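The residues making up each chain are set out below.
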Amino acid sequence: MLLEDEWVTNEARLLREAGSLGELLERIRDLFSPQLIHDQEWEGLVGWAGKLPPTLSAFPLWLGFPLDGHQEGTELCVSVVGGTRSSAFFETGRQANDADSSTAIIASLLGKTGPRDSSLRRVVGDRVLLEYDVGPARHRIHPKISLYPIRPTLVGDRAEGRLTDLGVVLDAMESAFGREPDAEERRQVERAYLALNAETRIGGIEALPSKGRGIGFTTLGFAKASEVVAFLERAGWPGNPAMVASLLSRLEHRRALDGVHLGVHFNVDAIGVGPTLELHIFSRNSMYEREGWFGEKLFWSPLMDGLRREGLAVPEKLSELAKWSSGSRILFGRSGPFVVLQRIHHFKLILTENRLHRVKGHVFLLICSGLRGGDAAG
């Protein structure tokens, strides 16, 4: 069966299971420990997800939980893939009288990535990502909207055509958001991109409908702390690179960063790179190729142990997060069994005002009709 056929089948079944993504999540509440998300925060999550179609769970979705002493700060990130029932939800909603600005933006980007000969699709594929800040006390009413360049379109090798491809993405974002081009902002974004080296790349470009200007900029592929610090200095980050070096070096010393690669996220506007910095920690795919889903528990243990020993995360939260990597389990629905795939996706260290502000763990969730050979156990 082709992957597209699996999507069609899976989405059709999920529509029969629940009226919204929120309703579907309610049925798997027991998967989420109160240590990771307490009841009030869960209500906020379900409330946000109640506005979204259940078909979104047919594609990877991510939940981010605070691992420090904070109770609030859950994030929900979903993928909207072109040509699916989920994309039709936004494309149809664009015409509704009560459609909000984010719905129109999402529909616009899906329209630009739809044609197979689209320049934008060549750079970012046909997927739009939405990130919701879902807690009950949130004031943001729109998701962050991101495009994820596909490898290797926006690597930092300065090859001919790279800046043109970056411009294609920025033009599409400005058009969808209804923003006038800003030459100085474009120059600053290009400067940040050109600070990358050939082993790193742009992994995401995002904007927030409620903000006037600025581009979120995610870079991937750093192998060690010194590479991150050197990039921040070249990009003109206004914070204290020595603090980043100290934080990551301590984790390196504890062997907590063995086998991972690092990412960097910051905002860029006409003034330059913003002060808030996110350090992302991802696994290397080779680990899963060798040991499959169930090997992940061993993989993340050094990092979680390092976070605990450095006093950066609550031990009980880390323990509950470790339990998440169970590989797969069966959910019995109205139309038969589903397989729920779950694993740790990445960790995030957020720095503001030259101090570590938050530590988050992000998990991966996928609800599907069945598994292709070996997906669950490797």
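The structure we're discussing is the one just above.
Attention in this report is confined to the structure presented alongside it. These figures come from a predicted structure and were not determined experimentally. What you see as residue numbers is a count from 1 along each chain, following the sequence as written. In view of the model being predicted, local features appear only for residues whose pLDDT reaches at least 70, and side-chain atom pairs are presented and counted only at 80 or more, with totals across whole chains, interfaces and linings using the full set of residues. Neither water nor hydrogens contribute to the side-chain values; these are computed over all heavy atoms in the structure.

## Re the overall build of the chain
The line we're drawing: By definition, any uninterrupted DSSP run of H or I lasting at least four residues is a helix, any uninterrupted run of E lasting at least two residues is a strand, and each is numbered from the N terminus. In this description, contact between two residues means that some pair of their heavy atoms is separated by no more than 4.5 Å. Surface exposure here means Shrake-Rupley accessible area, sampled with a 1.4 Å probe, where a residue is shielded only by the protein chains that are shown.
Secondary structure summary: the chain contains 13 helices and twelve strands in total. Residue pairs in contact within the chain that sit at least 24 positions apart in sequence constitute 69% of those at least 6 positions apart. Element-wise, carbon and sulfur atoms account for 51% of the exposed surface of the chain, whose accessible area totals about 16,100 Å².

## Some points on the packing of helix α5 (residues 101-113) against helix α7 (residues 162-177)
How we decide: In this analysis an axis means a line fitted to C-alpha atoms, helices contributing only their contacting stretch, and an angle means the value between N-to-C directions, from 0 to 180 degrees. Throughout, the term roughly parallel applies to angles under 35 degrees, roughly antiparallel to angles over 145, roughly perpendicular to angles from 65 to 115, and oblique to all others. Crossing handedness follows the turn of the near helix against the far one: under a right angle anticlockwise gives a left-handed crossing, and clockwise gives a right-handed one.
For the pair α5 and α7, the least separation of the axes is 9 Å and the interaxial angle reads 140°. Regarding the angle of α5 to α7, the classification is oblique. Crossing of α5 against α7: the hand is right-handed. Two secondary-structure elements touch here, α5 through I105, S108, L109 and K112 and α7 through A172, M173, S175, A176 and F177.

## Side note on the nonpolar core
If you look at soluble globular proteins, the nonpolar side chains tend to sit buried side by side. The condition that has to hold: Within this scheme, the nonpolar core is defined by two criteria: the residues are buried Ala, Val, Leu, Ile, Met, Phe, Trp, Tyr or Cys, and they are joined through side-chain atoms within 4.5 Å. Here's how the labels work: a residue is buried when its accessible area is under 20% of the maximum for its type, exposed when over 50%, partly exposed in between, all with a 1.4 Å probe on protein chains only.
Of all hydrophobic cores here, the largest spans 104 residues; its most connected members are F32, L76, V244, F266, L279 and F347. With seven residues, the top contributor of residues to this core is α7. Among all residues touching F266, those that are not within four sequence positions of it are A192, I215, G216, F217, F231, L232, A235, V273, G274, T276 and L277. Membership of the second largest hydrophobic core comes to eight residues, among which are W62, C77, L129 and L366.

## Describing the packing of aromatic side chains
Just so we agree on the cut-off: Any pair of Phe, Tyr and Trp rings, taking the six-membered ring for Trp, is counted once the centres come within 6.5 Å. Such a pair is stacked with planes under 30 degrees apart, edge-to-face with planes over 60 apart, and tilted for the rest.
One pass over the structure, following the stated rule, counts eleven aromatic pairs. An angle of 40° between the planes, with centres 5.2 Å apart, marks the rings of F32 and W42 as tilted. Of this pair, F32 sits in the loop between α2 (21-26) and α3 (39-49) while W42 sits in helix α3, placing them ten residues apart in sequence. Under the relative-accessibility criterion, F32 is labelled buried at 2%. Judged by centre distance (5.9 Å) and plane angle (10°), the ring pair of F231 and F266 falls under stacked. Residue F231 is located in helix α9 (residues 225-235), and its partner F266 is located in strand β7 (residues 260-269); the two are separated by 35 residues in the primary sequence. Take F231 and F266: they sit in the same class, and that class is buried. An aromatic cluster is present here, built from F32, W42, F65 and W324 joined pairwise through their rings.

So yeah, pure geometry; function would need other evidence.
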